[in-house]
Each structure stands twice: as structure tokens, then as C-alpha cells.
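# Tertiary structure, described
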Amino acid sequence: MTTSSNFNVNDFLDTNENPHSYYNILPSSFEKKYDFIFNDIDFNLALNEFLKSSVEEIEFYNIDYILVCLLNLKNELINDSLLHSVAEKASEIYSSLLNKGENTRSFRMRLQRLNYFIRDILSNHLVFEHYNTDVKGSDELLDGCCPWDSIEVNNESLTIFSGFNGLEIKNKENTKRYDKGLSTQLDLLSDGKVSIGSYYSKGSFLYTGCKIIHIDHDEPILIVFTYQQQTYALDSKGRLFLLNNGEVSLLILDLSESSLNKARVFGCYIYFFDWSKPYKGGRLNLDTMKIEYFNTSPVIISNDICVCDDFLYIIDKQKGSVFKFDQKFKYIESKLDFGIGDMQLYDPISIRIRQDKLSIISWVNAKQTMTSIF
């Protein structure tokens, strides 16, 4: 692959690989195009080389060259099919490397930036030509960095943001911030308590409305929940325990998962996802203790799920859409798309029913999007 002598990757790359800032640039938001000679032949060659290369053969430099080309890409040169294939492959490799440790971090972040650049281009190209006029709703920016989840209970709003003092509890009188580890999800128990779970920090917390109680455990606890008058805790290794007097006790079931990133409880089911396994989800029936796995395609990485009227709504980290499935996991349709514009999602991380609407939080740009249930 030949490139212009004006192309200097070091002038483009954000060497600070902080995810809170690394993904702030997108082609649609990049006002000044990078000054280098764009060659569509070299660009298409680079795309095809990426598609045919094994994971071991992919070079950082080739990804960086494609990224700079994408910043300079003209509408008339957009090859929807080719770009879509590159984004899918980048997403699948990214997913497969999520549990491979810090030594794959730089590679993962480049792959994710590549996916985001392409989704941004394709989404805005498609929106321009085929905007879905039946998608209505509202957007609101949240007051914090990279939010994970938010829930309203007993006239209070609880929100998890990234960084120190990431747990925000807000009511009419005041707003307080607490340092409760690297929390990643909030869940309401039947008795009104709120589970403050994580797949980063060991143990978890329960908010009673008056105080925050720490639950000690040797692994992160994703979720604490109640079912048929019993309280349970599911940890990031897929182990389900009874919880007695705020302490993890009897092991009920081991899902035999090496890692879990998100779990939600609806009815008699625990839905769970390992983000390093693309197109895959699972659920445990609490009545029978039987596990079933399901294909989430076209969803690559299922960041979160909610259930309404026996339909499943799943958000995809890679595509920025809400996907609707039936109880047999048959895909029905999707709404919304990727981007930073109105009613667009950028790394959607949380979805729940709020005020009879779907409420979706985007992690990168801290936006809460409300849209009608479809």
C-alpha cells in the first residue's frame, strides 16, 4: 500500500488513550480535514487488505491510514457494503479481545475508533437519504462524564458516572456524590432498595434510601436482586449466591462463565452477557435453574437489555441502535442509529423503561435519549 509523503500518523493520533476523550473525534464532527493527499485507490486497497488479514497480520499503521482517509472521505466515494464489512470485522475482533488484558488495549481502541468512524459515516449518509421520520423523542445531556446507568426511585435520581465520586444521588433538596468504586449498573429490588453493581470493583453496594451498605465479595457483583422472597447476588464470574443479612452465603449455581459484564432480571429470568463473545447472550430461568443461550444477531455486543410486553429491547455498543426481539429471540426491527446528532446514540450503555418510554444512555457523549416504545 502506498501513501502520500504528507501523511504523518503522529500528527493525527491521540496518543493519550483515555477512553473518556479518545473517541471524541468523529468524521461528522471534525471541522478541519487532515491535510494529506487522499487517494481512493490506496484507500480501497487498505480496506480490502484489512478484510483479508488475520488478527496477527493487521498493522496499527494500516488502521491509522484508513482512519485519516475516513476523515477526508467524500460522499460520492462512500461504498456502503465495503465499509460495513470493515466495521463488522473491526467490531468482532474488538469484542474477542476484551478479556485479553492491557497488552491489547491500544489495538482494541484503534479497532473501536475504526468502527465508530465508519458507523458515523454510514449513519449520516443513510440518514441524509432515508431518514426514518417515525422516530420521535427527546435528548438531554447528563451533568457528568461518561455515565453508566441511571434510575429514579422514591423521588430520587441515582446516576453512575465514570471517575472518582461517580455515584450521584439527587433529590429536590440537594445533589450528593459518593465514591463507591467503579460501579457500572443500577437495579431496583422489590423492597425498594437499589443494587449498585460493578464488573470492575470487588463486591457491590445497596442503597436503602438512607444509607449505602457495602457487600463484601472476592469478585465484582453485577447485580443483587430479590425473587420469591429470597435475595440473590450474581458476580462477574457467573456465580449465583444467596444473600443473607447483607452477606454472600450459599452458592446456588455456577453459570460456568469466565466473565460477565452485564446482567438484568425480568420476571423469572436473569439475562446475562459476556461482551467478549459477539452475537451471544444467555438467560437463566430462576424457577427451573436451566440456562439457555441465544444468538443476538444483528446485535454484536449487547450492552444492555430491557423487557416490555414480552418483547426484548437490546442496545448494541457497536451500532448505536435499539433492536427488538420476541421471546424466542427472533429479531423483529430496530430504531435509532449511530451518531452525535438528534436522536442518535453513541455507545449506548443503558436502556430501561421510564415514563412509558424507552430511555437510553450513551456513554461517550453523556446523553439520555427518550423515545416511544415500538
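The structure under discussion appears in the preceding block.
Nothing here was measured: the structure is a model prediction, and the numbers come from that model. (Residues numbered from 1 in each chain as written. Predicted model: local features only at pLDDT ≥ 70, side-chain atom pairs only at ≥ 80, totals over all residues. Heavy atoms only, no water.)

### Points about the packing of aromatic side chains
As a reminder of what qualifies: Two aromatic rings, drawn from Phe, Tyr or Trp (for Trp, its six-membered ring), form a pair once their centres lie within 6.5 Å of each other, and the interplanar angle then sorts them: stacked below 30 degrees, edge-to-face above 60, tilted otherwise. Secondary structure elements are taken from DSSP: a helix is a run of H or I of four residues or more, a strand is a run of E of two residues or more, and numbering for both begins at the N terminus. Think of it in three bands: residues with accessible area under 20% of the maximum for their type are buried, residues over 50% are exposed, and the middle band is partly exposed, with areas taken using a 1.4 Å probe on protein chains only.
This model, assessed by the stated rule, comprises 21 aromatic pairs. Relative to F338, the ring of Y116 has its centre 5.4 Å away and its plane inclined at 25°; by these criteria the two rings are stacked. Remark: F338 occurs in strand β22 (residues 337–338) and Y116 occurs in helix α6 (residues 105–130); sequence separation between them is 222 residues. Just as Y116 is buried, F338 falls in that class too. Taking the centre distance of 4.0 Å and the plane angle of 5° together, the rings of F294 and F329 count as stacked. Placement of F294 in strand β17 (residues 290–295) and of F329 in the loop between β20 (322–325) and β21 (331–335) is noted, with a sequence separation of 35 residues between them.

### What about the pairing of strand β26 (residues 367–372)?
The test is simple: When DSSP finds two or more bridges between a pair of strands, those strands are recorded as paired.
With five of six residues buried, β26 lies mostly within the body of the structure. Relative to β26, strand β1 (residues 137–141) is paired through five bridges, and the arrangement is antiparallel. When the sheet's bridge partners are listed, L141 is paired in β26 with K367. For strand β25 (residues 357–362) and β26, the ladder comprises six bridges, and the chain directions are antiparallel. Within β26, the position partnered with I360 by the bridge is T369. The antiparallel pairing of β25 with β26 creates a hairpin that spans four residues between the two strands, and A366 there sits at a positive phi of about 55°.

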